[in-house]
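# Reading the structure
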Amino acid sequence: MEALLQTKGLLSLPNKPKTRAFYPLPQGSLRHIFNPINSLKPKQPLEGLSLSSNGFQKVQVFGTKPQLVGQKNKLFPVCSAATAADGEPVFTEESPKFMGIEIVTLKKIIPLGVMFFCILFNYTILRDTKDVLVVTAKGSSAEIIPFLKTWVNLPMAVGFMLLYTKLANVLSKQALFYTVILPFIAFFGAFGFVLYPLSNYFHPTALADQLLNILGPRFLGPIALLRIWSFCLFYVMAELWGSVVISVLFWGFANQITTVDEAKRFYPLFGLGANVALIFSGRTVKYFSNLRQSLGPGVDGWAVSLKAMMSIVVGMGVAICFVYWWVNHNVPLPTRSKKKKEKPNLSTMESLKILASSKYIRDLAALVVAYGISINLVEVTWKSKLKAQFPSPNEYSSFMGDFSTATGIATFTMMLLSQWIFDKYGWGTAAKITPTVLLLTGVGFFSLILFGTPLAPTLAKFGMTPLLAAVYVGAMQNIFSKSAKYSLFDPCKEMAYIPLDEDTKVKGKAAIDVVCNPLGKSGGALIQQFMILSFGSLANSTPYLGGVLLVIVLAWLGAARSLDGQFTALRREEEIEKEMERASAVKIPVVSQDEGGNGSLTSDSSSLNPTGGDSAGASSEPSSPRNL
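Position labels on residues start from 1 in each chain and follow its written sequence. Only residues with pLDDT of 70 or above have their local features reported here, since the model is predicted, and side-chain atom pairs are shown and tallied only from 80 upward, although totals for entire chains, interfaces and linings are computed over all residues. The basis for every side-chain value is the complete set of non-hydrogen atoms in the structure, without hydrogens or water.

The way it works is that DSSP assigns letters per residue, a run of H or I at least four long becomes a helix, a run of E at least two long becomes a strand, and they are numbered from the N terminus. Along its length, the protein chain carries 19 helices and eight strands. For the protein chain, long-range pairs separated by at least 24 residues make up 78% of all intrachain contacts whose partners lie at least 6 apart in sequence. Surface summary for the protein chain: the accessible area is close to 34000 Å², and the carbon and sulfur share equals 64%. Should any heavy atoms of two residues lie within 4.5 Å, those residues are considered in contact. Areas reported here follow the Shrake-Rupley algorithm with a probe of radius 1.4 Å; residue values treat only the protein chains shown as occluding.

Between side chains of opposite charge, a pair can form as their charged atoms come close. Salt bridge, as used here: a side-chain nitrogen of Lys or Arg that lies within 4 Å of a carboxyl oxygen of Asp or Glu. Enumeration over the complete set of coordinates arrives at 12 salt bridges. Residue Arg227 is joined to Asp209 by a salt bridge in which the shortest nitrogen-to-oxygen separation is 2.9 Å. Placement of Arg227 in helix 8 (residues 220-227) and of Asp209 in helix 7 (residues 205-215) is noted, with a sequence separation of 18 residues between them. Overall, the relative accessible area of 33% leaves Asp209 in the partly exposed class. A salt bridge links Lys482 to Glu379; the shortest N-O distance between them is 3.7 Å. Of this pair, Lys482 sits in helix 16 (residues 466-495) while Glu379 sits in helix 13 (residues 359-389), placing them 103 residues apart in sequence. Residue class for Lys482 comes out buried when judged on its relative accessible area of 14%. For Glu379, a relative accessible area of 13% puts it in the buried group. One salt-bridge network, in which partners are shared between bridges, spans Lys130, Asp131, Glu239, Glu379, Lys383 and Lys482. Only protein chains enter the area calculation, which uses a 1.4 Å probe; residues under 20% of their type maximum are buried, those over 50% are exposed, and those in between are partly exposed.

In this section: the environment of Val443. In this fold, Val443 is placed in helix 14 (residues 393-450). Of the residues examined, Val443 reaches a relative accessible area of 43% and is grouped as partly exposed.

The next thing to look at is the packing of helix 4 (residues 144-170) against helix 13. Between helix 4 and helix 13, the least distance of the axes is 9 Å, while the angle of their chain directions is 130°. Relative to helix 13, the element helix 4 is oriented oblique. In contact with Ile145, Pro146 and Lys149 of helix 4, helix 13 contributes Asn376, Glu379, Val380 and Lys383. Per-class residue counts for the contact of helix 4 with helix 13 are three nonpolar, one polar and three charged. For helices, the fitted line uses only the C-alpha atoms of the stretch in contact; every axis is such a line through C-alpha atoms, and the angle between N-to-C directions lies from 0 to 180 degrees. An angle counts as roughly parallel when it lies under 35 degrees, as roughly antiparallel when it exceeds 145, as roughly perpendicular when it falls between 65 and 115, and as oblique in every other case. Here the term charged refers only to Asp, Glu, Lys and Arg, the term nonpolar to Ala, Val, Leu, Ile, Met, Phe, Trp, Tyr, Cys and Pro, and the term polar to all other amino acids, Gly among them.

Nonpolar cores were defined as sets of buried Ala, Val, Leu, Ile, Met, Phe, Trp, Tyr and Cys residues, with membership established by side-chain atoms within 4.5 Å. In this structure, Ile181, Phe184, Phe188, Trp241, Met310 and Trp382 are the most contacted members of the largest nonpolar core, which totals 133 residues. When residues in this core are grouped by element, the largest group, 17 residues, is from helix 9 (residues 229-257). Leave out the neighbours within four places in its chain, and Ile181 touches Trp241, Val245, Leu249, Ile320 and Cys321.

Another point: the side chain of Ser481. Tracing the backbone through its elements, the reader meets Ser481 in helix 16. Counting of polar contacts relies on pairs of N or O atoms within 3.5 Å, with two restrictions inside protein: one atom must be capable of donating a hydrogen and the other of accepting it, and residues adjacent in sequence are counted only when both atoms are side-chain atoms. Here Asn478 takes part through its backbone oxygen, which lies 3.2 Å from a polar atom of the side chain of Ser481. Discounting chain neighbours no more than four positions away, the residues touching Ser481 are Tyr371, Ile375, Thr434, Val437 and Leu438.

Between helix 13 and helix 14, the least distance of the axes is 7 Å, while the angle of their chain directions is 155°. When the axis of helix 13 is compared with that of helix 14, the two are roughly antiparallel. Once helix 13 is placed against helix 14, the crossing between them reads as right-handed. Residues Tyr371, Ser374, Ile375, Leu377, Val378, Thr381, Trp382, Lys383, Lys385, Leu386 and Lys387 of helix 13 pack against Tyr396, Phe399, Met400, Phe403, Thr434, Leu438, Phe445, Phe446 and Ile449 of helix 14. Class assignment of the residues belonging to the contact of helix 13 with helix 14 gives a composition of 14 nonpolar, three polar and three charged. Whether a crossing is left-handed or right-handed is set by the direction in which the near helix is turned from the far one by less than a right angle, anticlockwise for left-handed and clockwise for right-handed.

This next bit is on the confidence of the model for the protein chain. Per-residue confidence from the predictor is reported as pLDDT, a score between 0 and 100. Per-residue confidence for the protein chain gives a mean pLDDT of 77, with 73% of residues at or over 70. Looking at the elements of the protein chain, mean pLDDT is at its lowest for helix 19 (residues 615-619), recorded as 40, and at its highest for helix 5 (residues 173-195), recorded as 95. When the criterion is pLDDT under 50, residues 17-86 qualifies, and its contacts beyond four places in sequence or with other chains add up to 91 contacts. Contacts from residues 600-628, a stretch scored under 50 in pLDDT, to residues over four places away or in other chains number 38 contacts.

With that out of the way, let us pick up helix 9. Here the expected span of a helix is defined as 1.5 Å times the quantity of residues minus one. The first and last C-alpha atoms of helix 9 sit 40 Å apart over 29 residues, in line with the 42 Å expected at 1.5 Å per residue. Where helix 9 bends most, the angle comes to about 30°, and this point is Val245. The bend reported for a residue corresponds to the angle between axes fitted to the seven residues ending at that residue and the seven starting there.

Stacked, tilted and edge-to-face pairs are distinguished by plane angle, under 30 degrees for stacked and over 60 for edge-to-face with tilted covering the rest, among Phe, Tyr and Trp rings (Trp via its six-membered ring) whose centres lie within 6.5 Å. A full pass over the atoms with the stated rule returns 36 aromatic pairs. An angle of 35° between the planes, with centres 5.8 Å apart, marks the rings of Phe117 and Phe121 as tilted. Here Phe121 and Phe117 lie together in helix 3 (residues 103-136), a separation of four residues that amounts to about one turn. Note on Phe117: relative accessible area 28%, which makes it partly exposed. Residue classification places Phe121 among the buried positions, given a relative accessible area of 7%. Each ring, one from Phe160 and one from Phe184, has its centre 6.5 Å from the other, and the planes form 70°; the classification is edge-to-face. Of this pair, Phe160 sits in helix 4 while Phe184 sits in helix 5, and the two are 24 residues apart along the sequence. For the pair formed by Phe160 and Phe184, the shared burial category is buried.

Here is the structure:
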């Protein structure tokens, strides 16, 4: 019988089972139960059932019933099994919950949600303000943006990441967080109250005018970098807030304090919360931009609006620091495995070799590069028309507030629809939606710019000029393309890595990060710089930019179609392999009949009976206590 209990196979069941009372088992064999001396001992209440199996003892586990806040902690039996090495009952106590979520988890997720809202709220205000400053400034235009992104923003981003890496080696995580975020908060506060009001005193306007007279109007963009250097610095700091505070500080902290299960459950909610922050911050920009209407004559309305918005940015920054401090002092960190996953550190040449060796990776890289170039080509041209329609900083900022709100609503809606699109139409259709939106809206936008004069009488019936119509169509293009990018393009891009083998997946993603992301971001800016310097201005190069956009989007659609076929084939192979693995793993049990009429399940696998006994014969023994 003791040999039977060590067996890992399936035990036989009697045809007519009888009800039996089980009591706590003393140390020893089951034969001790039927000892007449033991049967005379008083029976004890049932506290736990211990059966020997595989050298361990199975015991009943007691835990706490899920409770609401305010209930007293009580112990209730939980129908689960645990092992105890010493034979004693194991008592486990669940952490308290609120609405089905553990309080410890809520102490992480709610503060993280508050931090994310504050960071995204600030980012929307800063993003809209930076465009107003550099585009509407005297002696500047939207032509400054390509030069600003290439020759100022990119070097400062690289320099910051090098500095951040060195600081991370010498500072603790908390000290590193405060060291990075506090200069941002201090700069934005100082800009609103000191740098902008005094900008006329330290901007080299006279020198810029002399250079412009010597070099000509085609160098308006590069010269504007010198003319409004403090505004350019604000532009770069606002861009870095998005890449540093959101990507590095927030997500680094979130990954530090959450588990994988918590991340799978709550990270998608942060994406929806980001769009809620976008809606509210857009309304805030709109409100403060309209303050000019209530001010008296001679008052710089944009300076007043800027001070108010920078005050909000500083207040939100202080709130972010407070929440970070509170979490570090009140929330325990989860335990982590010391085993780290190796991440390939590829050089540029190694990345290019990987891109050249795989058609799948090349098509995926084409998607990333095409999006970066396409959105840049349309966005800068649209902002030049936006300045022509709204030359005042307050009017420009007010329109950008409406634009941010509309982007948040559209993205929120698309995120809710994205799951339905994936389920009904599949990966290929979802991947083609973003370039299709860019193509259709881009054609409409450039057509209004190039052929707006013949359409003027028709547009006048709707109370619009060709310029205003181009502004609205360009805004729709940016809104729909960005919402499609966040809800469909990014998930499609990440899903495309899944069917690849582990080596190609890791190295291919690293190669795209090294080569394609920077190429996509700076590619559009470099094309625009070449066009501006060649044709004299952004307006003169508009027809050629429209042609370049058409070619890039058509190539994007071709890469998406090619990648869809390869992705579908890999998924089909993966499903076939899984089915074959399931089929090879299935073992059909055989029902045998013993002499006593009891049916028992047996298997031809020797691993089910490590003791070497016959399962059919052994299973007939416990039908009567006399056999013990």
